[in-house]
Amino acid sequence: SQQGEEDPQALSIQEGENATMNCSYKTSINNLQWYRQNSGRGLVHLILIRSNEREKHSGRLRVTLDTSKKSSSLLITASRAADTASYFCATAQGGSEKLVFGKGTKLTVNP
Amino acid sequence: GEEVAQTPKHLVRGEGQKAKLYCAPIKGHSYVFWYQQVLKNEFKFLISFQNENVFDETGMPKERFSAKCLPNSPCSLEIQATKLEDSAVYFCASSRQGFYGYTFGSGTRLTVV
């Protein structure tokens, strides 16, 4: 069943701008992860945030988690054309190692 | 670097034929997962293994899909009597125990004609 729901579904910005994507989920989680998928390729793991963390940074990426609202956001600062890809959030629940993925946000960064 | 190797990259099967996909996970990773992606959207979970044992098979269409992860062999996902709706990209991923991120393979694109 669908757990993470990203919004927006598609986002188009200019190089140098920031991109923000949001993810909402329904049940309690152990952690939430963000992945990137370039066209025709597999998912690449970007960042993992545990349920007891509120914010995490990795390079130009910033992830926040609000467990009270069951939501997360991914911010990409100073975007580049190479950031053009689809971005998926995924949640791990309970004792399961299984990740449940959302439908993704398609980000286009125009040069 | 370490990678999850999936073969073949592309597979075309006539409706009713068998399809077999392979995945070599990263050594030392305890978990293997299979996901199906249709139309570049949602990733549907199929099955997971912890070492050679089925861990969670709640996503598997029981009648035609089967999967194995045997020692010293690539993991496999087999679809008997393929249907048009099985056309998708099938991704394999592996991870260490303890809620780390997955490492995905590049996928096998299955086209059923």
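As the structure is a prediction and not an experimental result, all values here were calculated from the model.

Visitor: Where do I start with the overall build of chain A in this structure?
Guide: From N to C terminus, chain A includes zero helices and 11 strands. For chain A, the α and β elements follow one another from N to C terminus as β-β-β-β-β-β-β-β-β-β-β. The globule rule puts the C-alpha radius of gyration for 111 residues at 13 Å, and the 13 Å found for chain A is close to it. Overall size of chain A, expressed as C-alpha extent along the three principal axes, is 45 × 30 × 20 Å. Expressed as a percentage of its 111 residues, the buried residues of chain A come to 45%. Within chain A, contacts between residues separated by at least 24 positions form 55% of all contacts whose residues are at least 6 apart in sequence. Looking at charge distribution, chain A has the averaged site of its 14 positive side-chain charges lying 4 Å from that of its 10 negative ones.

Visitor: Which parts of the structure should I look at to understand the overall build of chain B?
Guide: Summing up its helical and strand segments, chain B has zero helices and 11 strands in all. The secondary structure elements of chain B, listed N-terminal to C-terminal, are β-β-β-β-β-β-β-β-β-β-β. At 13 Å, chain B has a C-alpha radius of gyration in line with the 13 Å of a compact globule built from 113 residues. With respect to the principal axes defined by its C-alpha atoms, chain B has extents near 40 × 25 × 25 Å. Counting every position in chain B, which comprises 113 residues, the buried fraction comes to 47%. When the accessible surface of chain B is split by element, carbon and sulfur atoms take 48% of a total near 5900 Å². Taking the 13 positively charged and 11 negatively charged side chains of chain B as two groups, their mean positions are separated by 5 Å.

Visitor: How should I be thinking about the sheet that holds strand 6 (residues 55-58) of chain A in this particular structure?
Guide: Think of a sheet as strands paired side by side through backbone hydrogen bonds, with each pair either parallel or antiparallel. All names here are of chain A. Spatially, five strands are ordered 1-3-8-7-6 in an open sheet, and the strand pairing comes out antiparallel. One side of each edge strand has no neighbouring strand; the edge strands of this open sheet are strand 1 (5-7) and strand 6. Mean inter-strand twist for the sheet, computed between neighbouring axes without regard to direction, equals 15°.

Visitor: Before we go on, may I ask you to explain the pairing of strand 5 (residues 43-50) of chain B in this structure?
Guide: Two faces, one strand: in a regular strand the side chains alternate between the faces of the sheet. Residues and elements named next belong to chain B. Summarising burial for strand 5: six of the eight residues are buried, a large majority. With seven bridges connecting them, strand 4 (residues 31-37) and strand 5 associate as antiparallel partners. Looking across to strand 5, one finds that tyrosine 35 is bridged to phenylalanine 45. Of the strand pairs in this sheet, strand 5 and strand 6 (residues 53-56) are connected by three bridges, and their pairing is antiparallel. The residue of strand 6 that forms the bridge with glutamine 50 is asparagine 53.

Parameters and conventions
Residues numbered from 1 in each chain as written. Chains lettered and ligands numbered in written order. Predicted model: local features only at pLDDT ≥ 70, side-chain atom pairs only at ≥ 80, totals over all residues. Heavy atoms only, no water. Helix = DSSP H or I, 4+ residues; strand = E, 2+ residues; numbered from the N terminus. Rg over C-alpha atoms; globule rule 2.2 N^0.38 Å. Buried < 20%, exposed > 50% of the residue type's maximum accessible area, 1.4 Å probe, protein only. Contact = heavy atoms within 4.5 Å. Lys, Arg positive; Asp, Glu negative; His and termini not counted. Charge placed at Lys NZ, Arg CZ, Asp CG, Glu CD. Areas by Shrake-Rupley, 256 points an atom, 1.4 Å probe, with all protein chains shown as cover. Pairing = 2+ DSSP bridges. Axes fitted to C-alpha atoms, helices over the stretch in contact; angles between N-to-C directions.

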